[in-house]
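Chain by chain, the residues run as shown.
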Number of protein chains: 4
Amino acid sequence: MTVSLEVVSVEPAQDQLRYTFGGGGGEPLVRVRPGTVVELATEDCFGGRVRSAADLPSQVCEFPYLNPVTGPIHVEGAEPGDTLAVHLVDIAPARDWAVSATFPHFGALTATHNTAMLHDPLEEVVWVYEVDRERGTCLFRPRRGGPEVELPLDPMHGTIGVAPAAGEVFASITPGAHGGNMDTPEMRAGTTAYFNVNVPGGLLAIGDGHCRQGEGEVCGTAVEAAMRTVVVVDLIKGGGPAAPLAWPRIESDDFLMSTGSTRPLEDAYRVSQHDLVTWAAELTGWDTLDAYQLVSQAGLAPAGNVVDTNYTMVAKLAKKHLGSAAVVADGMHDRLRETAAAYLAQR
Amino acid sequence: MTVSLEVVSVEPAQDQLRYTFGGGGGEPLVRVRPGTVVELATEDCFGGRVRSAADLPSQVCEFPYLNPVTGPIHVEGAEPGDTLAVHLVDIAPARDWAVSATFPHFGALTATHNTAMLHDPLEEVVWVYEVDRERGTCLFRPRRGGPEVELPLDPMHGTIGVAPAAGEVFASITPGAHGGNMDTPEMRAGTTAYFNVNVPGGLLAIGDGHCRQGEGEVCGTAVEAAMRTVVVVDLIKGGGPAAPLAWPRIESDDFLMSTGSTRPLEDAYRVSQHDLVTWAAELTGWDTLDAYQLVSQAGLAPAGNVVDTNYTMVAKLAKKHLGSAAVVADGMHDRLRETAAAYLAQR
Amino acid sequence: MTVSLEVVSVEPAQDQLRYTFGGGGGEPLVRVRPGTVVELATEDCFGGRVRSAADLPSQVCEFPYLNPVTGPIHVEGAEPGDTLAVHLVDIAPARDWAVSATFPHFGALTATHNTAMLHDPLEEVVWVYEVDRERGTCLFRPRRGGPEVELPLDPMHGTIGVAPAAGEVFASITPGAHGGNMDTPEMRAGTTAYFNVNVPGGLLAIGDGHCRQGEGEVCGTAVEAAMRTVVVVDLIKGGGPAAPLAWPRIESDDFLMSTGSTRPLEDAYRVSQHDLVTWAAELTGWDTLDAYQLVSQAGLAPAGNVVDTNYTMVAKLAKKHLGSAAVVADGMHDRLRETAAAYLAQR
Amino acid sequence: MTVSLEVVSVEPAQDQLRYTFGGGGGEPLVRVRPGTVVELATEDCFGGRVRSAADLPSQVCEFPYLNPVTGPIHVEGAEPGDTLAVHLVDIAPARDWAVSATFPHFGALTATHNTAMLHDPLEEVVWVYEVDRERGTCLFRPRRGGPEVELPLDPMHGTIGVAPAAGEVFASITPGAHGGNMDTPEMRAGTTAYFNVNVPGGLLAIGDGHCRQGEGEVCGTAVEAAMRTVVVVDLIKGGGPAAPLAWPRIESDDFLMSTGSTRPLEDAYRVSQHDLVTWAAELTGWDTLDAYQLVSQAGLAPAGNVVDTNYTMVAKLAKKHLGSAAVVADGMHDRLRETAAAYLAQR
């Protein structure tokens, strides 16, 4: 069988990188039709400037030029109230190294600008990881002795989202109803993310690749890496999983996932669980309290990030519990899976 | 090989059930030597009074006689600053049914006495689950139509802990540094829980068995069941994993887990992650910032409960990442595993 | 003595009202030189569309066209890192009525989009206040019986701020480091507000007049009114009270005030208190811990709002406690007081 | 007119001081009849052990022997569901000095055991205040130079409460529904505090006198002093202001005040505002939403403490706004005021 795929490649120049969702005034980086496979290059959260233990982020990076994203991608025909479906086909580290760092006043176990305290900042330290793409590992080397640890690669994007509603423009480090810097390890290849379209074209942007990340991203940074990433972008007209979608959702082969990004963390939990309860009720026809009950017994609740300007919680429900009711948007995820398979077979 | 096991059985009468950690004035339910296998019966969180959809908890239960625990178990020789190790050998539902319910002003997606609002309470609804111990399932029946769901049994105890420090006495529904109502599904058979000893004998108590529970226990109750539970109780003199242990820790064959129970939820996250970072540094000899880094990339952070008087987060690290350094208290968990195996072989 | 005052009047047309801080692409509403007196008209938070008990906000208002602001006012010579000083000369209700309302999913004692719950919204109710400018009162009429209450007018602006940093654009309902919808009753005539300049011209905007407001604005809306407001806008080059100013500050004849707008509320408290401690140390030459001590014993901490997208706390310190050290920016507040007096004498 | 007053004096010996609300097993310190004037001595929060800048609390104090309270006072006839009314007649510093201090891992602008971080503790510093009872001042001397500040005395008790419900026992540093360590400057002479009776006799205890305190008590300690305090203790049978009273309330000549003590701080705000709304509705006959509206426009919301194991917010409403409806428990406050006046006239 020959499948005709529309494939577009985008590799932004340094000065084309974006640092916000929304805004920017001008042209999208690229315009694509729904169903297009987009190959894109993303820079790491430090803009590639942290390359050795001597490159302290606070010295080599320049605020607000942090966490660049590649985009925006204008999806033809996307109108407010539609849903953008973004299937992550492949996320591959672009280099044989990656970095992580503590950053002054950033992280969950340190005073920050919001959790303001009188402490001096924690020491700023950089860790350089060796990335072995063949073996699928990245190597943690403690800076001050003790055992090294070879960790499996589990590449993902910390930042993915669309232009916000109501003319707002958010720094790329902010997660919210538009997606953005949710920093959840669930955003890995094989999943489909759903975003509400707030402006014509949706204006998708992606960045902040991680070779892997713990839940919560406690020190504030993951194993940060430039990525070669492939996505399929599709469109659900007139609604989609819900109409309109209040918060980003993620679907994998096995799980339905809702996200909530706000503060305090219990409110992020509430948002994500509320959305999952509503979603399960929609799919199954259960009464809301019945869905509340089922999610209470079968739902998972991993932290996404507890370090960014908003915190992110993920609510997960295994699709097997919903049986044949677990079909979202007429099987969008499965169709995108097929597109992805066709692309990978041809690549 | 013949292993000589000391086995004690306790089945409290109705009027011997306890509703607090600490207090009570009098005698422990039982005194055991370190290393003893304790077989115990626990009642469900409703005191067994909710048996059908017509038994609304607010009508059939009487505050504060909720969430009874079995205990306290006095461990001979346990002194403040020691660590109690409690290995969960087996947790078996005692009946062929279990219940769950919404409860007025309780749960994460409802106004509560602390998150005070002007809404009327959500409707109080009871769900009765059929428990099939042979097949290892419990059956969710929606009250108002839609598909039924057969969920796998994954029995655990919501409530397990010791007498608090400083003469405090906490209701059994409160989790904290003494353990208590942490409501984490990680507290299943095969794990070892560690608690700091605050008073002579430690005064362990256990209750609130769940056939299974979602992370966060979002509606406020799990699949609540009376249990037949077997634990091995042991003692680490003069400290243990840390000396003294600030917060309960859990060890399974594969994971080290720290807990934090406080509010807001980000503080529970901070406590649990801080403890895990410290623990990993102790075991490996890493500098604290190196341990912070490794946990940031490899740690997991599931919610325990987001409904009780304190919220609970769990921080998890796979032992494989620490290699040979992942040995806690000279291998206490493995030794208790062996005791458990010997008991189960003889039972 | 004749004082030469530059006075500018701005009354935006309906289609000139703005709904964001930052953004908008185009021209400022007006450009003024530092020291200019600006007379401006502001519409109420409902855009003047709620005029009777029958005008339910959710029906007559159209999201996102809520909380309009008048501006932006470009201040000549203002560069990033400078400080804008805005003295509130007069705030006068423009009509003989004002309104307040509950609004679905908005307020502190109701489920919201962020504190997501399964409750139906509280009932949407509108209260119309009679405003008697002569007597200085507004009349509360309970909708369902019981005593009426004549409350003193204490006019203020809920929303005042500048364009955010880093290209961000925030809805006018959001408070933050740029000011915005702080909703603190301290923002009354006679005070001087300080904002960090983030973009050339600063781009000041003002709206959301309140005839009066309780601390926290618990139901989500105040006694909302269109206003005739007079401000003096001035500029502190190269820094000001601190350089740059991290969060908005307010100065009255008697108090120094710091603000913090974030979530959870304790972080808003931390931000505001941290800023006040730092400010007091700067003015007096005290060590930071000495300033921490003095603020601990003499500081006030009223809530601003506990309902908006960020919560606002205010930290207040009586200037008398600092004696002669309580002089900010070489006496900017006193000078603006004089300009205001001169203006009022001439009006 | 001769008024017959029952006056009891209690001055506990060092070993009679208590460190919990509830518990203790034995006899109350004293039993009094409703209406009795109680003269009592309280020690400061450090047990009087911090007397100079060299006396670091972490060295001279011994956990958990912090924050001693005087009591419990058993009020004859008090039964669960009744309300205890405690009128503060006089609070006088017992010595001519008082102290304050930073304390490791305690305070709002520092990492704590709950807001766990990797920072080293802030420096531990003691400030000794000269107390001039004649002039009504306490003198702040910065430790490292800069201006001294003479602050007015405004004596209050940080800790006042009763035995908790349900057999719980809380450390005296914990505020909650039982009162306890609310640390609000509103608890000054001239006010009447109301507490729900949870156990026979109520078991009132008082301590933690402050010469004065800022709102929030940001560094964690106030101007701590031993006190000579006089209270009138009275009883409202079968209910009182509400039946039963969910959270402590305070009444002054001018204000009705509700308290909420929990975390996060917005929940403390919610609790206190919810209680004030309910209270105002009860007194006036307003519908709840009408009371919500009035409190929104006329309520005050100062922080109590943002440093203890629970945070405290106070919700205040001027009695003048309620007119003749502002009569609590048949005028209990006014009657206690008269008793106090009679006592003071005779003393």
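Fair warning: this is a prediction, and the values are worked out from it, not measured in the lab. (Residues numbered from 1 in each chain as written. Chains lettered and ligands numbered in written order. Predicted model: local features only at pLDDT ≥ 70, side-chain atom pairs only at ≥ 80, totals over all residues. Heavy atoms only, no water.)

A short note on the overall build of chain A
Note the cut-off: For helices the rule is a DSSP run of H or I covering at least 4 residues; for strands it is a run of E covering at least 2, with both sets numbered from the N terminus onward. We compute the radius of gyration from the C-alpha atoms alone; for a globule the expected value is 2.2 Å times N to the 0.38, where N is the number of residues. Any two residues having at least one pair of non-hydrogen atoms within 4.5 Å are treated as being in contact. Each accessible area is a Shrake-Rupley estimate made with a 1.4 Å probe; only the visible protein chains count as cover when residues are assessed. Asp and Glu count as negative and Lys and Arg as positive, but His and the ends of the chain are not part of the count. Taken as the charge location is NZ of Lys, CZ of Arg, CG of Asp or CD of Glu.
Regarding its fold elements, chain A presents four helices and 21 strands. Its C-alpha radius of gyration of 19 Å places chain A within 12% of the 20 Å reference for a compact globule of 347 residues. Judged by the C-alpha coordinates and their principal axes, chain A covers about 55 × 45 × 40 Å. Counting contacts in chain A only where the partners sit at least 6 residues apart, residues at least 24 apart contribute 77% of the total. A total accessible area of about 11000 Å² is found for chain A, and carbon and sulfur atoms account for 48% of it. Each charge class in chain A can be summarised by its mean position, and for the 24 positive and 44 negative side chains these summaries are 3 Å apart.

Things to note about the interface of chain A and chain C
Put simply, the rule reads: Salt bridge, as used here, is a side-chain nitrogen of Lys or Arg placed within 4 Å of a carboxyl oxygen of Asp or Glu. For the purposes of these results, a polar contact is taken to be a pair of N or O atoms within 3.5 Å, where, inside protein, one atom must be able to donate a hydrogen and its partner to accept one; residues adjacent in sequence count only when each atom of the pair is a side-chain atom. Basically, the charged four are Asp, Glu, Lys and Arg, the nonpolar ten are Ala, Val, Leu, Ile, Met, Phe, Trp, Tyr, Cys and Pro, and anything else, Gly included, counts as polar.
Between chain A and chain C, the residue contacts involve 28 residues of the former and 28 residues of the latter. Where chain A touches chain C, the interface holds two salt bridges. With a closest N to O distance of 3.9 Å, C:Asp267 and A:Arg263 form a salt bridge. Taken together, chain A and chain C are joined by nine residue pairs in polar contact (both at pLDDT 80 or more). Of all the secondary structure elements, the ones that give two or more residues to the side of chain A that touches chain C are strand S12 (170–171), helix H2 (265–284) and helix H3 (288–298) of chain A. Among the elements that take part in the side of chain A that touches chain C, H2(A) stands out by supplying five residues, more than any other. A class-by-class count of the residues in the side of chain A that touches chain C yields 15 nonpolar, nine polar and four charged.

Description of the relation of the copies chain A and chain C
So the rule is basically this: A least-squares superposition brings the copies together, and it is based on the C-alpha atoms of residues with pLDDT no lower than 70 in both.
Structural alignment of chain A on chain C gives an RMSD of 0.0 Å, achieved by rotating through 180 degrees and translating 0.0 Å along the axis. Between the two chains, the operation in question is that of a two-fold axis. Residue A:Val169 of chain A places its C-alpha closer to the rotation axis than any other residue of that unit, at 2.2 Å.

A few points about the interface of chain A and chain B
As a reminder of what qualifies: As a working definition, buried area equals the accessible area (1.4 Å probe) given up by two parts on being put together, with both sides summed.
Each partner contributes to the interface: chain A provides 63 residues, whereas chain B provides 63 residues. Around 5100 Å² of area is buried between chain A and chain B when both sides are counted, 60% of it from carbon and sulfur atoms. Close ionic contact of B:Arg144 with A:Asp287 constitutes a salt bridge, the shortest N to O distance being 3.4 Å. Connecting chain A to chain B are 48 residue pairs in polar contact (both at pLDDT 80 or more).

What to know about the nonpolar core
Which entries qualify depends on this criterion: What makes a nonpolar core is a set of buried Ala, Val, Leu, Ile, Met, Phe, Trp, Tyr and Cys residues whose side-chain atoms join them at distances within 4.5 Å. The rule is simple: take the accessible area with a 1.4 Å probe, protein chains only, and divide by the maximum for that residue type; under 20% is buried, over 50% is exposed, in between is partly exposed.
The biggest cluster of nonpolar side chains holds 128 residues, and the ones touching the most others in it are A:Cys211, A:Tyr269, A:Tyr292, A:Leu294, B:Cys211, B:Tyr269 and B:Tyr292. Once you skip the residues sitting within four places of it in the chain, B:Tyr269 turns out to touch A:Ala108, A:Glu215, A:Gly216, A:Glu217, A:Val218, A:Leu265, A:Ala303, A:Val306, B:Ala301 and B:Met313. Ranked by size, the runner-up nonpolar core spans 127 residues in total, among them C:Val223, C:Leu322, D:Ala291 and D:Leu317.

Notes on the sheet that holds strand S14 (residues 179–180) of chain B
All names here are of chain B. Applicable threshold: Two strands qualify as a pair provided DSSP detects at least 2 bridges between them.
If you walk across this open sheet you meet the six strands as S3-S5-S16-S11-S14-S13, and the pairing is mixed. Edge positions in the sheet fall to strand S3 (30–32) and strand S13 (175–176), since each has one partner strand and no second. Sheet analysis places S13 next to S14, joined by two bridges and oriented antiparallel. Residue pairing across strands places Pro175 opposite Gly180, the latter belonging to S14.

Section: unusual backbone geometry
Note that the residue after A:Phe63, namely A:Pro64, is joined by a cis bond; omega there is 0 degrees. Along the chain, A:Pro64 turns up in the loop between helix H1 (57–60) and strand S5 (69–75). Put simply, B:Gly71 and B:Pro72 share a cis peptide bond, and its omega is 0 degrees. With respect to the element layout, B:Pro72 can be found in strand S5 (residues 69–75). One non-glycine residue, A:Asn67, adopts positive backbone phi at about 55 degrees. Not every positive phi belongs to a glycine, and C:Ala166 is a case in point at roughly 60 degrees. Among the secondary structure elements, C:Ala166 is positioned in the loop between strand S11 (156–161) and strand S12 (170–171). Among the residues examined, C:Ala166 registers a relative accessible area of 29% and is labelled partly exposed.

Quick look at the relation of the copies chain A and chain B
Between chain A and chain B, the superposition needs a rotation of 180 degrees and an axial shift of 0.0 Å, giving an RMSD of 0.0 Å. Same-surface contact between copies: 100% of interface residues of chain A are shared with the interface of chain B.

Observations concerning the sheet that holds strand S9 (residues 137–140) of chain C
Filter applied, for reference: Orientation is described by axes fitted as lines to C-alpha atoms, over the contacting stretch for helices, and by angles from 0 to 180 degrees between their N-to-C directions.
Across the sheet, which stays open at both edges, the four strands sit in the order S7-S8-S9-S10 (chain C) with antiparallel pairing between neighbours. Only two strands of the sheet have a single partner each, and these edge strands are strand S7 (97–101) and strand S10 (149–152) of chain C. Averaged over all pairs of adjacent strands, the angle between strand axes in this sheet comes to 30 degrees, irrespective of strand direction. Across four bridges, the pairing between S9(C) and S10(C) is antiparallel. In the strand pairing of S10(C), C:Leu139 is matched with C:Glu150. The sheet strands contacting helix H3 (residues 288–298) of chain D are S7, strand S8 (126–132), S9 and S10 of chain C, and the helix crosses S8(C) at an angle near 45 degrees.

Description of the packing of H2(A) against H3(A)
Residue and element names in this part refer to chain A. For clarity, the cut-off: Roughly parallel means an angle under 35 degrees; roughly antiparallel means over 145; roughly perpendicular covers 65 to 115; every other angle is labelled oblique. Should the near helix be turned anticlockwise from the far one by less than a right angle, the crossing is termed left-handed; should it be turned clockwise, right-handed.
As a packed pair, H2 and H3 sit with axes 8 Å apart at the nearest point and diverge in direction by 120 degrees. Classified by the interaxial angle, the pair formed by H2 and H3 is oblique. In this structure, the crossing between H2 and H3 has a hand that is right-handed. Residues Gln273, Leu276, Val277, Ala280 and Ala281 of H2 lie in contact with H3, whose contacting residues are Thr288, Ala291, Tyr292 and Val295.

Looking at the packing of aromatic side chains
Where we set the bar: Pairs were defined over the aromatic rings of Phe, Tyr and Trp, the Trp ring being its six-membered one, requiring ring centres within 6.5 Å. Orientation was assigned from the angle between planes: stacked under 30 degrees, edge-to-face over 60, tilted for the rest. Put simply, a charge is over a ring when the Lys NZ or the Arg CZ is close to the ring centre, within 6 Å, and near the line of the ring normal, within 35 degrees.
Taken as a whole, this structure holds 14 aromatic pairs over all chains when the rule is applied. Judged by centre distance (5.5 Å) and plane angle (85 degrees), the rings of C:Phe140 and D:Trp286 are edge-to-face. Of this pair, C:Phe140 sits in strand S9 while D:Trp286 sits in the loop between helix H2 (265–284) and H3, which puts the two residues in different chains. Feature note: the residues A:Tyr129, A:Phe140 and B:Trp286 constitute an aromatic cluster, connected by ring pairs. For A:Lys316, the ring lying beneath its charged end belongs to A:Phe255, and the centroid distance is 4.3 Å.

A word on the environment of D:Pro34
Residue placement: D:Pro34 occurs in the loop between strand S3 (30–32) and strand S4 (36–42). For D:Pro34, the residues in contact, after removing those within four places along its chain, are D:Val75, D:Glu76, D:Val233, D:Asp234 and D:Leu235.

Quick notes on the pattern of salt bridges
The tally for this structure, following the rule as stated, stands at 84 salt bridges over all chains. A salt bridge links B:Glu130 to B:Arg141, with the nearest nitrogen and oxygen atoms 2.6 Å apart. You can see B:Glu130 sitting in strand S8 (residues 126–132) and its partner B:Arg141 sitting in the loop between strand S9 (137–140) and strand S10 (149–152), a full 11 residues away along the chain. Judged by its relative accessible area of 40%, B:Glu130 is partly exposed. Residue B:Arg141 is classed as partly exposed on the basis of its relative accessible area, which comes to 37%. Notably, a salt bridge pairs D:Arg135 with D:Glu150, separated by 2.5 Å at the nearest N-O pair. Pair noted here: D:Arg135 is in the loop between strand S8 (126–132) and strand S9 (137–140) and D:Glu150 is in strand S10 (residues 149–152), with a separation of 15 residues, a long-range link. Since its relative accessible area comes to 51%, D:Arg135 is described here as exposed.

Looking at the environment of B:Asp120
Residue and element names in this part refer to chain B. Within the fold, Asp120 resides in the loop between strand S7 (97–101) and S8. On the basis of relative accessibility, which here comes to 63%, the residue Asp120 falls in the exposed class. Along the backbone, Asp120 and Pro104 are 16 residues apart, and their C-alpha atoms lie at a distance of 8.8 Å.

Thoughts on H3(A)
Each full turn of the α-helix corresponds to 3.6 residues, which orients residues three or four apart in the same direction. Residues and elements named next belong to chain A. With 10 of its 11 residues buried, H3 lies for the most part within the structure. Along H3, the positions that sit buried rather than exposed are Leu289, Asp290, Ala291, Tyr292, Gln293, Leu294, Val295, Ser296, Gln297 and Ala298. Measuring from the backbone nitrogen of Leu289 back to the side-chain oxygen at the start of H3 gives 2.8 Å, which picks out Asp287 as the cap.

Topic: the pairing of strand S4 (residues 36–42) of chain C
Residue and element names in this part refer to chain C. The buried fraction of S4 amounts to six of the seven residues, a majority that puts the element mostly inside the structure. Sheet analysis places strand S1 (residues 7–10) next to S4, joined by four bridges and oriented parallel. Bridge assignment links Val10 to a residue of S4, and that residue is Leu40. Relative to strand S17 (residues 227–236), S4 is paired through seven bridges, and the arrangement is antiparallel. Considered in S17, the bridge of Leu40 is made with Thr229.

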